[in-house]
Amino acid sequence: MCGIIGYIGKRNIIEVLISGLKHLEYRGYDSSGIAILKENKILRYRATGKISKLESSLPTSLISHQESSNGYSLGIGHTRWATHGKPSEENAHPHIDCNRNFVIVHNGIIENFLELKSKLQHHKFSSETDTEVVVHLIEKNYNGNMLEAIKNTIKLLEGSYAIVLISRLEPQKLFFARKDSPLIIGIGEDETFIASDVISMLGYTNKFIFLENYDYGEISNTEIKIYNLNSEKLQQRSVNIVNWTPQMIEKSGFKHFMLKEIYEQPQVLRENITARVFSEEIVFSEEIKFTKKLLKNIQKILIIGCGTSYHAALVCKYFFEHVLKIPVETDVGSEFRYRECILQKNTLVIFISQSGETADTLASLRIVKQYKLPTLGVCNVIGSSLFREADSTIYIRCGPEIGVASTKAFTGQLVCLYIFGLYLAKIKQTISQKRYIELLNSIYKVPTYIEQILSDTSYIKQLAKMFYTKHDFLYLARGINYPIALEGALKLKEISYIHAEGYPAGEMKHGPIALIDKEMPVVIIATKGSLLQKVFSNLEEVKSREAKVIALTNYGVESKSIDYKLVLPETDEFVSPILNVVPLQLLAYYIADLLNREIDQPRNLAKSVTVE
Ligand code: M6R
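What counts and how
- Residues numbered from 1 in each chain as written.
- Predicted model: local features only at pLDDT ≥ 70, side-chain atom pairs only at ≥ 80, totals over all residues.
- Heavy atoms only, no water.
- Helix = DSSP H or I, 4+ residues; strand = E, 2+ residues; numbered from the N terminus.
- Contact = heavy atoms within 4.5 Å.
- Pairing = 2+ DSSP bridges.
- Axes fitted to C-alpha atoms, helices over the stretch in contact; angles between N-to-C directions.
- Near = heavy atom within 4 Å.
- Polar contact = N/O pair within 3.5 Å; in protein donor to acceptor, adjacent residues only side chain to side chain.
- Areas by Shrake-Rupley, 256 points an atom, 1.4 Å probe, with all protein chains shown as cover.
- Nonpolar A, V, L, I, M, F, W, Y, C, P; charged D, E, K, R; others polar.
- Domains from an automatic or database assignment.
- Buried area = accessible area lost by both parts, 1.4 Å probe.
- Buried < 20%, exposed > 50% of the residue type's maximum accessible area, 1.4 Å probe, protein only.
- Lys, Arg positive; Asp, Glu negative; His and termini not counted.
- Salt bridge = Lys/Arg side-chain N within 4 Å of Asp/Glu carboxyl O.
- Phe/Tyr/Trp six-rings, centres within 6.5 Å; stacked < 30°, edge-to-face > 60°.
- Lys NZ or Arg CZ within 6 Å of the ring centre and 35° of its normal.

Trainee: Go over the environment of Ile138, please, and point to the residues and values.
Mentor: Examined against the element boundaries, Ile138 turns out to sit in helix α5 (residues 132-141). Placed 12 residues apart in sequence, Ile138 and Ile150 show a C-alpha to C-alpha distance of 6.3 Å. Those residues in contact with Ile138 that sit more than four places away from it in its chain are Phe102, Met146, Ala149, Ile150, Thr153 and Leu165.

This is the structure we're talking about:
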């Protein structure tokens with residue numbers, strides 16, 4: 001949902017901004033723009049479409065440009081995912097005030113912008129965006145002191161914002177403010193960056209300050225000043241070292257980030273397991289800050305997430321109920337935050353989010369915190385809002401996930417939560433030692449089994465060739481694999497734009513079976529488990545309507561109704577979802593590739609959904 005970057009330092013400002021925006025492109029890519037100061041004038045360039053279009057539209061004189069006698073340059077950039085106002089050059093950021101004194105980039109939504117705009121009747125607006133109102137308010141509130149103008153402006157804003165500004169009236173500084181949208185300062189040697197994520201700054205530094213809600217301030221070439229609206233005092237913020245490397249954000253020979261991330265799964269899962277499982281013992285050292293007493297008394301679990309993270313929540317519901325024998329409820333953030341959920345004491349509430357910045361998940365977290373229930377985040381981004389706001393957070397150690405379609409983060413979430421589930425089951429004594437060891441052993445083998453799946457993908461590619469022209473797919477499964485049917489369908493939809501439905505196989509006869517004819521590929525999960533015979537019955541129902549049946553199954557499982565059989569390594573039924581999702585990720589990937597889709601940046605989507 002929009003990516004922003006700002007820079008002050010001695011590098012070529014255009015190169016820094018464009019390279020940062022290219023790394024931020026996963027957050028939104030319908031238009032982009034940059035602004036710099038030159039000879040005390042604001043120069044602004046904007047374009048619709050990808051960053052490469054903006055880059056090629058820049059005058060060559062600008063590219064070699066270095067500002068200011070002291071050698072320092074400064075500028076801001078933005079890549080947009082449209083919320084208010086269609087994707088167009090006028091609506092692209094940066095936005096500028098009437099007298100061209102201030103220029104701003106913004107990520108978030110100003111919910112009361114219409115009301116604020118109605119009070120700025122003498123100002124000339126040139127876009128349909130909510131953002132533009134902020135720069136006009138700064139113009140109105142400026143009385144010779146930018147920090148005062150920012151403070152008085154953000155007091156008026158409702159909604160979410162990460163803002164970076166420059167002004168020709170105080171030309172040697174970057175100004176910023178943040179509420180509910182991520183904003184991070186990157187500290188280099190004699191240079192400072194500010195951006196929506198660490199990835200866009202990784203090539204230059206690994207030292208970061210994660211700004212907090214209501215922070216605002218200024219960055220000059222000598223210092224960083226951070227104030228907070230609540231206390232209005234100068235803030236001391238810790239500098240965090242992030243051990244991601246620039247190599248992690250390269251495609252490393254893969255055609256797309258998504259494919260690279262699918263192939264990274266064995267390695268990242270192994271890392272997650274070996275960091276926490278020592279022989280038969282599970283250790284969560286610093287991550288879980290709850291006392292054993294609190295954990296022992298947990299009587300219910302509620303898990304909240306969105307999209308793929310919600311599917312991870314659903315899988316965990318089945319797993320937790322199996323090992324913990326307590327009720328587990330799940331919800332998507334956008335529903336939970338508006339329903340009258342009855343929250344009982346002794347409930348542990350888990351929030352799953354790869355980015356840790358998904359607005360609906362964070363809003364749900366903030367609601368739950370009001371009830372003083374223990375909250376556990378499961379997250380891939382250190383320093384993200386979820387990381388900072390949940391009582392404890394499990395770090396899923398997957399490395400940067402750049403492809404919009406989540407893959408390694410999903411299996412990372414599952415492995416970490418499975419280990420947590422077993423850890424909790426031990427504390428609560430709800431699992432026998434035999435079952436604990438069986439499950440732990442099966443989890444240990446997951447990386448090796450995924451390596452086996454990835455070592456020969458030729459059959460999945462063949463299937464993709466056979467079916468990529470179809471318009472509808474159905475994914476069916478039962479029990480703990482039902483959420484994998486949902487996830488397989490989501491992967492296909494989001495990157496290939498083919499309509500796909502995930503359904504619990506037993507529900508087919510209550511309606512969706514009417515959709516089936518000989519044109520319909522049906523992907524069915526029929527790996528070994530307690531419900532296999534039930535799945536077979538559903539398979540017969542589908543086959544007798546002439547569907548083309550693609551089954552994910554194990555060696556030794558036979559049925560005449562299966563047309564195409566993907567044989568997977570055999571594992572415990574409760575661990576099987578972590579393997580079963582991998583061929584579905586690949587099937588979606590190869591179909592989308594045959595259709596020439598923009599796999600890493602599918603239309604209309606953004607990696608981090610930081611707006612409601
Ligand atoms: O960062 P989060 O895990 O909170 O993101 C949640 C969803 O937006 C995300 O999983 C989305 O559904 C993916 N594009 C799915 O591949």
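Trainee: Before we move on, can you summarise the sheet that holds strand β17 (residues 300-305) with the specific residues and values?
Mentor: Spatial strand order, β18-β17-β19-β20-β21: 5 strands in an open sheet with parallel pairing. The sheet is open, and its two borders are formed by β18 (328-332) and β21 (392-395), each paired with just one other strand. Neighbour-to-neighbour, the strand axes of this sheet turn through a mean angle of 20°, independent of strand direction. Here 5 bridges tie β17 to strand β19 (residues 347-353), and the two strands are oriented parallel to one another. When the sheet's bridge partners are listed, Ile303 is paired in β19 with Ile350. Here helix α10 (residues 307-324) sits on the sheet in contact with β17, β18 and β19, set at roughly 175° to β18. Along the sheet, helix α14 (residues 408-428) makes contact with β17, β19, β20 (375-379) and β21, crossing β19 at roughly 165°.

Trainee: Before we move on, can you summarise the site of the ligand with the specific residues and values?
Mentor: Among the 14 residues in the neighbourhood of the ligand, the closest are listed as Ser309, Ser353, Ser355, Thr358 and Glu494. Take Ser309: an N or O atom from its side chain is 2.6 Å from an oxygen atom of the ligand. Ser355 places a side-chain nitrogen or oxygen 2.7 Å from an oxygen atom of the ligand. For the ligand, the accessible surface in isolation is 410 Å², of which the surrounding protein chains cover 91%. When contributions to the shell around the ligand are tallied by element, the ones reaching two or more residues are α10 and α17 (482-496). By residue class, the composition of the shell around the ligand is 4 nonpolar, 8 polar and 2 charged.

Trainee: Quick rundown of the sheet that holds strand β26 (residues 564-568)? Include the residues and the values.
Mentor: Note: strands within a sheet are paired through backbone hydrogen bonds, in either parallel or antiparallel orientation. The 5 strands lie next to each other as β23-β22-β24-β25-β26, forming an open sheet whose pairing is parallel. Each of the sheet's edge strands pairs with one partner strand only, and the pair in question is β23 (499-504) and β26. Across the sheet, the axes of successive neighbouring strands diverge by a mean angle of 20°, strand direction being ignored. Relative to β26, helix α16 (residues 458-467) is tilted by about 155°, and along the sheet it contacts β22 (472-477), β24 (521-526), β25 (548-554) and β26.

Trainee: I'd like a rundown of the environment of Glu90, residues and numbers included.
Mentor: Position of Glu90 relative to the elements: it lies in the loop between β4 (73-80) and β5 (95-96). Sequence spacing of Glu90 and Thr48 is 42 residues, and the spatial spacing of their C-alpha atoms is 9.3 Å. Sequence-distant contacts of Glu90, defined by excluding residues within four places in its chain, comprise Arg46, His95, Ser126 and Ser127.

Trainee: Please give an account of the domain arrangement of the chain that cites residues and values.
Mentor: When cut into domains, the chain gives domain 1 (3-249), domain 2 (257-454) and domain 3 (458-594). Each of domain 2 and domain 3 has a C-alpha centre, and these two points are 25 Å apart. With 33 residues of domain 2 in contact, the opposing surface of domain 3 contributes 28 residues. For the pair domain 2 and domain 3, the summed buried surface comes to about 2600 Å²; carbon and sulfur atoms form 77% of the total. Per-residue buried area on domain 2 facing domain 3 is highest for His311, Tyr318 and Ile453; these three make up 22% of the total on that side.

Trainee: Pulling in residues and values, what's your account of the side chain of Lys428?
Mentor: Following the sequence through the fold, Lys428 ends up in helix α14. There is no salt bridge for the buried Lys428, and the closest opposite charge comes from Glu321, which lies 14 Å off by N-O distance. Not counting residues within four places of it along the chain, the set of residues in contact with Lys428 comprises Leu295, Lys296, Asn297, Ile298, Leu324 and Ile326.

Trainee: Help me get a handle on unusual backbone geometry, residues and values and all.
Mentor: For the bond from His93 to Pro94, the omega torsion is 0°, close enough to zero to count as cis. Residue position: Pro94 is located in the loop between β4 and β5. The phi torsion at Arg100 lies on the positive side, around 55°, for a residue other than glycine. When you line up the elements, Arg100 lands in the loop between β5 and β6 (102-107). One non-glycine residue, Glu546, adopts positive backbone phi at about 70°. Along the polypeptide, Glu546 turns up in the loop between α18 (532-543) and β25.

Trainee: Hey, could you go over the side chain of Arg337 for me, with residue numbers and the actual values?
Mentor: When you line up the elements, Arg337 lands in the loop between α11 (333-336) and β19. Side-chain polar atoms of Arg337 contact the side chain of Tyr338, separated by 3.5 Å. Excluding residues that lie within four positions of it along the chain, Arg337 makes contacts with Ala359, Asp360, Ala363, Ser364, Ile367 and Glu612.

Trainee: Which residues make up the packing of aromatic side chains, and what values go with them?
Mentor: A full pass over the atoms with the stated rule returns 14 aromatic pairs. Seen from their ring centres, Tyr7 and Phe193 are 4.8 Å apart, and the 45° between their planes marks the pair as tilted. In this pair, Tyr7 sits in strand β1 (residues 3-9) while Phe193 sits in strand β10 (residues 192-195), placing the two residues 186 residues apart along the sequence. By the burial criterion, Tyr7 is buried, and Phe193 matches it. An angle of 65° between the planes, with centres 5.1 Å apart, marks the rings of Phe284 and Tyr423 as edge-to-face. Placement of the pair is Phe284 in the loop between β16 (281-282) and α9 (292-296) and Tyr423 in helix α14, with a sequence separation of 139 residues. Each of the two residues, Phe284 as well as Tyr423, counts as buried. Linked through ring pairs, Phe467, Phe473, Tyr475 and Tyr564 together constitute an aromatic cluster. The ring of Phe125 has Lys117 lying over it, and the distance from NZ or CZ to the ring centre is 4.8 Å.

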